[in-house]
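Survey of secondary and tertiary structure
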Amino acid sequence: HNGLFKYDIRTKSIDLYILELDKKNIQTLLVNDEELWIATEGNGLYKVEGDRVLVNYRECKSEDVSLSSNYVRSLVKDNEGNLWVGTFVGLNIIHRDSTITKIYYDKNTVNTLNQNSVRSLFCDNQGGVWIGTYFGGVNYYHSLIKRFYTINNNNSISDDIISTIQGDDINKGILPDKSICFIGTHGGGLSILNKHTGIIKTYTPENSSLPSWNVYDLKRDGVNRLWVATLKCLVHYDNTSNEFKSI
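A few points on the structure. Note that this is a predicted model, so its numbers are computed, not measured. (Residues numbered from 1 in each chain as written. Predicted model: local features only at pLDDT ≥ 70, side-chain atom pairs only at ≥ 80, totals over all residues. Heavy atoms only, no water.)

1. A few points about the overall build of the protein chain
Secondary structure summary: the protein chain contains zero helices and 22 strands in total. Whereas a compact globule of 247 residues would reach a radius of gyration of roughly 18 Å, the protein chain reaches 18 Å, a difference of no more than 12%. Considered along the principal axes of its C-alpha atoms, the protein chain spans approximately 55 × 50 × 30 Å. Of all 247 residues assigned to the protein chain, the portion counted as buried reaches 49%. Counting contacts in the protein chain only where the partners sit at least 6 residues apart, residues at least 24 apart contribute 38% of the total. Between the centroid of the 26 positive side chains of the protein chain and the centroid of its 28 negative side chains there is a distance of 2 Å. (Helix = DSSP H or I, 4+ residues; strand = E, 2+ residues; numbered from the N terminus. Rg over C-alpha atoms; globule rule 2.2 N^0.38 Å. Buried < 20%, exposed > 50% of the residue type's maximum accessible area, 1.4 Å probe, protein only. Contact = heavy atoms within 4.5 Å. Lys, Arg positive; Asp, Glu negative; His and termini not counted. Charge placed at Lys NZ, Arg CZ, Asp CG, Glu CD.)

Here is the structure:
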């Protein structure tokens, strides 16, 4: 709740980065080339270069170039350079020409977003965007198909509250098996989806060494290890033995 701070590796000092963001609740960051995107809770989305705010995207119903909500939870860039913005109320796509497309759940429309509250976003190496929602499970979208496909508790995912998604990143491409997608849930453990077969394997404290039902974040390091942040502790997942080792 106190803004954005910068850590200097050389001096080992921490300082407030941008005065304009003081007292803002920062949700997540996205670094892309020289751009820094800063998602906030209640103050929209900031685009920053250097130490200067270039633009603050906010909710404004009277303007087309605005967000669907000021509560921004997740960010990802697709392989066409568009920025996907997940909010408390709908999904936004900021296109390269700065126009914005807003996508909402519509019960009268098939093959669309099935839940407005978007918690996590991930773009795979094939250009598909994975959308983790609050109580809607996972939505998948690809620009070639132009429809949303839903994976939720009705078709084998462990929990419909999705905290994080990780797979073969378009910027890294380091997964040994590019068909695998990891899905961390709020209360259903970790689900691993084989994108080719559609088979989902779920790991929980009941059937594995995963120490918690609550998986909050997933990250891959430079030597192809998957790290799992849970409610209890940090965990390393060994994909050869399917074991979780608590740190």
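From this point, things continue past the structure.
2. Concerning the packing of aromatic side chains
Counted by the stated rule, this structure contains nine aromatic pairs. With a centroid separation of 4.8 Å and an interplanar angle of 35 degrees, the aromatic rings of Tyr141 and Phe148 are classed as tilted. On the accessibility criterion, Tyr141 (16% relative accessible area) is buried. Ring geometry for Tyr237 versus Phe244: centroids 4.9 Å apart, planes at 35 degrees, classification tilted. The residues Tyr237 and Phe244 share a single accessibility class, namely buried. Through pairs of rings, three or more aromatic residues link up here, namely Phe182, Tyr203, Tyr237 and Phe244. Just above the ring of Tyr203 sits the side chain of Lys201; from NZ or CZ to the centre is 5.5 Å. (Phe/Tyr/Trp six-rings, centres within 6.5 Å; stacked < 30°, edge-to-face > 60°. Lys NZ or Arg CZ within 6 Å of the ring centre and 35° of its normal.)

3. Quick notes on the layout of surface pockets
Within this model, the second largest pocket holds a volume of roughly 250 Å³. Taken together, 14 residues form the lining of the second largest pocket, with Tyr149, Ile151, Leu193, Lys195 and Gly198 sitting closest to its centre. (1 Å grid on protein atoms, 1.4 Å probe; cavity = no way out; pocket = protein on both sides within 12 Å on 5 of 7 lines; lining within 4 Å. Points joined across faces, edges and corners; volume = space filled by probe spheres on them.)

4. So, the sheet that holds strand β12 (residues 129-133)
If you trace the four strands from one edge of the open sheet to the other, you get β11-β12-β13-β14, paired in antiparallel fashion. For this open sheet the edge positions go to β11 (118-123) and β14 (148-151), each flanked by a neighbour on one side alone. Direction aside, neighbouring strands of the sheet carry axes that sit 20 degrees apart on average. Bridge count for strand β13 (residues 138-141) against β14 is four bridges, and the pairing is antiparallel. Bridge pairing in β14 places Tyr141 opposite Phe148. (Pairing = 2+ DSSP bridges. Axes fitted to C-alpha atoms, helices over the stretch in contact; angles between N-to-C directions.)

5. A word on the environment of Ser212
You can see Ser212 is positioned in the loop between β18 (200-203) and β19 (215-220). Sequence spacing of Ser212 and Cys233 is 21 residues, and the spatial spacing of their C-alpha atoms is 8.2 Å. Beyond its immediate sequence surroundings of up to four residues, Ser212 is in contact with Pro205, Thr230, Leu231 and Lys232. Here the side chain of Ser212 touches Asn214 through a polar contact of 3.0 Å, landing on its backbone nitrogen. (Polar contact = N/O pair within 3.5 Å; in protein donor to acceptor, adjacent residues only side chain to side chain.)

By themselves, these observations are geometric and do not establish any function.
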